[in-house]
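# Coordinate analysis (summary)
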Number of protein chains: 2
Amino acid sequence: MAGKDHVRGSKAVTLTEVARLAGVSVATASKALNGRSQVAARTRARVLQAAEQLSFVPNTLAQGLLMGRTGTVGLLTSDLQGRFVIPILMGAEDAFGAGRVNVFLCDARGDTIREQHQLRALLSRRVDGLIVVGSRTDSRSSVGHDLPVPVVYVYAPSDDPEDLSLVPDNVAAGRLAVEHLISCGRSRIAHVTGDPSYAAAQDRVTGALAALDAAGLELVGEVMYSEWSERWGRDATAVLLERYPDIDAVLCGSDQIARGALDTARDQGRKVPGDIAVIGFDNWDEMVTNSRPELTSIDPNLQLLGRSAAQRVFAALDGEELGKGLHTQAPRLVIRGSTVARR
Amino acid sequence: MAGKDHVRGSKAVTLTEVARLAGVSVATASKALNGRSQVAARTRARVLQAAEQLSFVPNTLAQGLLMGRTGTVGLLTSDLQGRFVIPILMGAEDAFGAGRVNVFLCDARGDTIREQHQLRALLSRRVDGLIVVGSRTDSRSSVGHDLPVPVVYVYAPSDDPEDLSLVPDNVAAGRLAVEHLISCGRSRIAHVTGDPSYAAAQDRVTGALAALDAAGLELVGEVMYSEWSERWGRDATAVLLERYPDIDAVLCGSDQIARGALDTARDQGRKVPGDIAVIGFDNWDEMVTNSRPELTSIDPNLQLLGRSAAQRVFAALDGEELGKGLHTQAPRLVIRGSTVARR
DNA sequence: CTGTTAGCGCGTTCAT
DNA sequence: ATGAACGCGCTAACAG
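Residues numbered from 1 in each chain as written. Chains lettered and ligands numbered in written order. Predicted model: local features only at pLDDT ≥ 70, side-chain atom pairs only at ≥ 80, totals over all residues. Heavy atoms only, no water.

This next bit is on the overall build of chain A. On a plain count of helices and strands, chain A comes out with 12 helices and 12 strands. At 27 Å, chain A has a C-alpha radius of gyration far larger than the 20 Å of a compact globule built from 343 residues. Principal-axis analysis of the C-alpha atoms places the extent of chain A at approximately 85 × 45 × 40 Å. Relative to its full complement of 343 residues, chain A shows a buried share of 54%. (Helix = DSSP H or I, 4+ residues; strand = E, 2+ residues; numbered from the N terminus. Rg over C-alpha atoms; globule rule 2.2 N^0.38 Å. Buried < 20%, exposed > 50% of the residue type's maximum accessible area, 1.4 Å probe, protein only.)

If you want it as C-alpha cells, here you go:
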C-alpha cells in the first residue's frame, strides 16, 4: 500500500529470506556473504547459492546506518551547462571506482537558496564527502566549515582560505602558451581575450606577460577584452590585422575566440601558421579539431582535477588531514596545426 | 574510530540528542519535527529550537529504511561526454524538484560489465527508480524486467517492447526541416548526413523524403553519408556545389555538418541564405550561434524528454502503470539566419 | 562453526 | 499530549 512495490517485478529481497532459504540464521548468512572466515565451506556455498537464486542485493542503507559510512559523495555544481564541470565530474566518478562509491549530482542553477536546499538534502543522505564545482575560476562563498564531512572545491575556489580548493593554473597556462609561440619563432604577439571580470582572463594575461617579459618581448598593442565568443574573436582579429599588420601570432583567451581569429585570418588571406600563429585555451574538443587548421590549445587537465578532488575526499575519510588553501593543477600544451605546420 | 568523524567539524547530530536537549522523548521530538498535530505548541517550539541549535538534519537513510522509499533515482548513462545526455539529465533533475529527490549519476563508459556493476550498486542503494540514458537513438539491450523498481529508457530505446522508452522523433524532425526549406521557397534540396549506421541518420532521411514526396519534389542526388563532422560537411558540400551547381538548399544531418556546409558556401562565394539555405539538427548552442550566418536548426527538446522520464518514474512510484513501448518527443524548429535573411 | 542478542536512527503504533 | 516499545535490514559482539 505504501507504493513500495512496483507493478511488474518483485520487491527487494532481504537477507532474512536468503537465510531462511539456506536454512541458517541471518548472522551466518551475513558472514558467508561478506567472506568472513568463521563459516564452513559447505554452509557458505549454500548461502551463496540461495542469494544467487533470489538475486539478493544487500541493502546499502542498512549497512550505512550501521557502519556510519554510506559510500556516497555529493557533487554540487552551479551549472551543468558549462562544459567545464563535465570532465571534472567524470574524473571524480571514476576515481571512486565503479560501484563502490556513488555520486549524487546536484545542480543548483547558480541559485544560493537552491544550493542551501541541496546541501541540506545531501547531508541528510549522509554523504561521506562533498565536492563543490563552479563554472568559472573566480572564488565563491564557502558552504561552511563545521560540516560533518570533508568538502573540496573544484574549479571555482572557496573564498575562505581554510577550505581546500583545487583549480587549474591559468597563470601557468598563459605562460605556457606564450613560451610555445616564442619557441615557434614568433615575437610580435597580440592578445585577444574574453570578459575581463573573469579571473581566468586576468590570470592568463598575467602568465602571458610574464613569459613575454622573461624573453625580453612586449605584447603588441593592449590586451583586447570583451566576451568569450567566436564573433569577438573574428572582430578583434580584424581590428588587429589592420592596426598591426606585422603581428605574427594571436594569443586567444579561449578556443572559441581562437576559432574566430582563424576565420578572420582566412578571410583576409593570411596563412596560418605561415603568416600568423593562433593558440587558444581549454582544448575543447569540438572547437580544436574542427577548425582549419586544427587549433593548438592549452588543456587545463580538468579530468585530473576531478580525480584529485575525489582522492582527497577519500583520504580524508581514512583519517588523513584534508588540507586547505588553493592548489593548482598544471596545464598541458597540445600542439596542432595552427602553430606548427603539418606536412 | 570508524573514520566516521571528520577532523574539523562536528559529527552528525541525531534525533536522540535533539530530544534530550529539548527534554522530551524521541517520539515526541519526531512528531514535533514532522508537523504531527498531537503535540503541544510550546513543546514543539522547544524541539524546533533545539534542532535549530544543534543544526539537526534528519538521517534520510534511517527514514528510508523504515518507509521503504529513499527519495533517490539512478541515472545510468553510457557516455557523459555526449552533449545529449546533459540536457536530459538537467530536465530530470529539476522535474524531481530540488532536494526532495536526489539523482545518482553513473557513467558506464559504454561498458556492459561496468553497467551491470552500476546497476547492482544502484539497486543496493534502493533507488526508487531508474533512468537509462544512451547517446545515440539506436536501441540498446534491456537492463531486465523483474527489477524491483520502474525503469525508463531515454534517447536510446530498449530493444524490448515491454520496456518504456522515450526518444526524440527524428522522422518528424526530418519532415519539419524539409517543410521549412520548402516554405522558404526552396525546391532543389540536397542532403548531407553522418554515419549511416545511426538510426538518427536514417530516421531523418525517412522524414525528409516523405516531406519532399508530399510536396511533389525529389532529393537532388543521393543522400551523402559519412561522419558527423564539420570536415565532412565542408567536403561534401564542395562536391555538391560542383556536381549540382543549381541546388538552393542543403539539409544537413547535424549542426556540425551544417557548419561545414556554411564554410564551404562562404569559401565559394555562395550567399547564405540568398543563394543557398542551410539547416541542421540538434540546435547545439555553440554551433548554431557562432556560425556565419547563425544556423537554423531542429531542436529535439531533450530537456523535455528528461523531464517526462522523471515524471513517469514518479507516477509509477505512486502506483500508476508505468506504460511500455516507444514514445516520441516532438521536435521544434528554430529559425535563424541560414534559411531566412536577417535585416 | 553457528545462533542469539543488541543496536545503528527514525517513525509508528499503543499505552498512559 | 507524551513516552515506551517495536521494527526497517543489517553487522558486530558474544554465547553456545
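On the chain A side, the residues contacting the 78 residues of chain B number 78 residues. In total, about 6900 Å² of surface goes out of reach between chain B and chain A, with carbon and sulfur atoms giving 50% of it. Scanning the region where chain B abuts chain A turns up 12 salt bridges. Linking glutamate 93 of chain A and arginine 109 of chain B is a salt bridge whose minimum nitrogen-to-oxygen distance equals 3.8 Å. Seen at the junction of chain B and chain A, the total is 28 residue pairs in polar contact (both at pLDDT 80 or more). Within the residue set of the side of chain B that touches chain A, elements represented by two or more residues are α4 (60-67), α5 (85-95), β2 (102-107), α6 (112-124), α9 (230-243), α10 (255-267), α11 (285-290) and α12 (302-317) of chain B. Class assignment for the residues of the side of chain B that touches chain A results in 31 nonpolar, 20 polar and 27 charged. Pairing of strand β2 (residues 102-107) of chain A with β2 of chain B involves three bridges; the strand directions are antiparallel. Bridging across to β2 of chain B, leucine 105 of chain A finds its partner in valine 103 of chain B. (Contact = heavy atoms within 4.5 Å. Buried area = accessible area lost by both parts, 1.4 Å probe. Salt bridge = Lys/Arg side-chain N within 4 Å of Asp/Glu carboxyl O. Polar contact = N/O pair within 3.5 Å; in protein donor to acceptor, adjacent residues only side chain to side chain. Nonpolar A, V, L, I, M, F, W, Y, C, P; charged D, E, K, R; others polar. Pairing = 2+ DSSP bridges.)

Two side chains with opposite charge may pair up if their charged atoms get near one another. Within this structure, the stated rule accounts for 34 salt bridges over all chains. Linking aspartate 138 of chain A and arginine 136 of chain A is a salt bridge whose minimum nitrogen-to-oxygen distance equals 2.8 Å. Accessibility expressed as a relative area gives 29% for arginine 136 of chain A, which makes it partly exposed. A salt bridge links arginine 292 of chain A to aspartate 267 of chain B; the shortest N-O distance between them is 2.9 Å. Within this pair, whereas arginine 292 of chain A is found in the loop between α11 (285-290) and β10 (296-299), its partner aspartate 267 of chain B is found in helix α10, the two belonging to separate chains. You can call aspartate 267 of chain B partly exposed: its relative accessible area is 43%. Here the salt bridges share partners, and the residues they tie into one network are Glu93, Asp94 and Arg307 of chain A together with Asp107 and Arg109 of chain B.

With that out of the way, let us pick up the packing of aromatic side chains. Enumeration over the complete set of coordinates arrives at seven aromatic pairs over all chains. The ring of tyrosine 198 of chain A is capped by arginine 136 of chain A, whose NZ or CZ atom sits 3.5 Å from the centre of that ring. The ring of tryptophan 284 of chain B has arginine 83 of chain B sitting right over it, with the charged end atom 3.8 Å from the ring centre. (Phe/Tyr/Trp six-rings, centres within 6.5 Å; stacked < 30°, edge-to-face > 60°. Lys NZ or Arg CZ within 6 Å of the ring centre and 35° of its normal.)

Here the focus is the nonpolar core. In summary, soluble globular proteins display a tendency toward joint burial of nonpolar side chains. Counting residues in each nonpolar core, the largest one holds 60 residues, and the members touching the most others are Ile131 and Val154 of chain A together with Ile131 of chain B. Beyond its immediate chain neighbours, meaning those up to four positions away, isoleucine 131 of chain A contacts Val73, Gly74, Leu75, Leu76, Ala92, Phe96, Val152, Val154, Ala309, Ala310 and Val313 of chain A. (Core = buried A, V, L, I, M, F, W, Y, C linked by side-chain atoms within 4.5 Å.)

Right, let's talk about helix α7 (residues 170-183) of chain A for a bit. All names here are of chain A. The first and last C-alpha atoms of α7 sit 20 Å apart over 14 residues, in line with the 20 Å expected at 1.5 Å per residue. Restricting attention to buried positions, one finds in α7 the residues Asn170, Ala172, Ala173, Gly174, Ala177, Val178, His180 and Leu181. Of the residues trailing α7, glycine 185 is marked for its positive phi of about 85 degrees. (Expected span 1.5 Å × (residues − 1).)

This part covers the relation of the copies chain B and chain A. For these two chains of identical sequence, chain B goes onto chain A by a turn of 180 degrees and a shift of 0.0 Å along the axis, with RMSD 0.2 Å. Such a turn and shift between the copies fits a two-fold axis. Residue phenylalanine 104 of chain B, judged by its C-alpha, is the member of chain B lying nearest the rotation axis, at 2.3 Å. An overlap of 100% is found between the interface residues of chain B and their copies at the interface of chain A, pointing to a shared contact surface. (Least-squares fit on C-alpha atoms with pLDDT ≥ 70 in both.)

Further remarks concern the protein's contact with DNA strand C. With respect to spatial proximity, 25 residues lie near DNA strand C, and among them Lys31, Gln38 and Thr43 of chain A together with Leu15 and Leu66 of chain B are the closest. Here the atoms of DNA strand C within 4 Å of the protein split so that 63% fall in sugar or phosphate, with bases taking the remainder. Between DNA strand C and serine 25 of chain A, the relevant distance is 3.0 Å, taken from a phosphate oxygen to a main-chain nitrogen or oxygen of the residue. Backbone polar atom of leucine 15 of chain B to a phosphate oxygen of DNA strand C: 2.3 Å apart, as the coordinates give it. Put simply, the parts of the chain that give the surface near DNA strand C at least two residues each are α2 (26-33) and α4 (60-67) of chain A together with α2 (26-33) and α4 of chain B. With four residues, the top contributor of residues to the surface near DNA strand C is α4 of chain B. Here the surface near DNA strand C is composed, by residue class, of 13 nonpolar, nine polar and three charged. (Near = heavy atom within 4 Å.)

Moving on, we come to the sheet that holds strand β4 (residues 151-154) of chain B. Taken in spatial order, the 12 strands line up as β11(A)-β5(A)-β4(A)-β3(A)-β1(A)-β2(A)-β2(B)-β1(B)-β3(B)-β4(B)-β5(B)-β11(B) in an open sheet, and their pairing is mixed. Two strands bound the open sheet, and with one partner strand each, they are β11 (325-329) of chain A together with β11 (325-329) of chain B. On average, each strand axis in the sheet is tilted by 25 degrees relative to the strand beside it, whichever way the strands run. Two strands pair when backbone bridges link them, and strand β3 (residues 129-133) of chain B and β4 of chain B are joined in this way by four bridges, in the parallel orientation. Paired with leucine 130 of chain B across the two strands is valine 151 of chain B, which belongs to β4 of chain B. Of the strands in this sheet, β1 (72-77), β2, β3 (129-133) and β4 (151-154) of chain A together with β2 of chain B are in contact with helix α5 (residues 85-95) of chain A, which crosses β2 of chain B at around 80 degrees. Seen against the sheet, helix α6 (residues 112-124) of chain A touches β1, β2 and β3 of chain A together with β2 of chain B and runs at an angle of roughly 160 degrees to β2 of chain A. (Axes fitted to C-alpha atoms, helices over the stretch in contact; angles between N-to-C directions.)

Shape is all these values report; function is a separate question.
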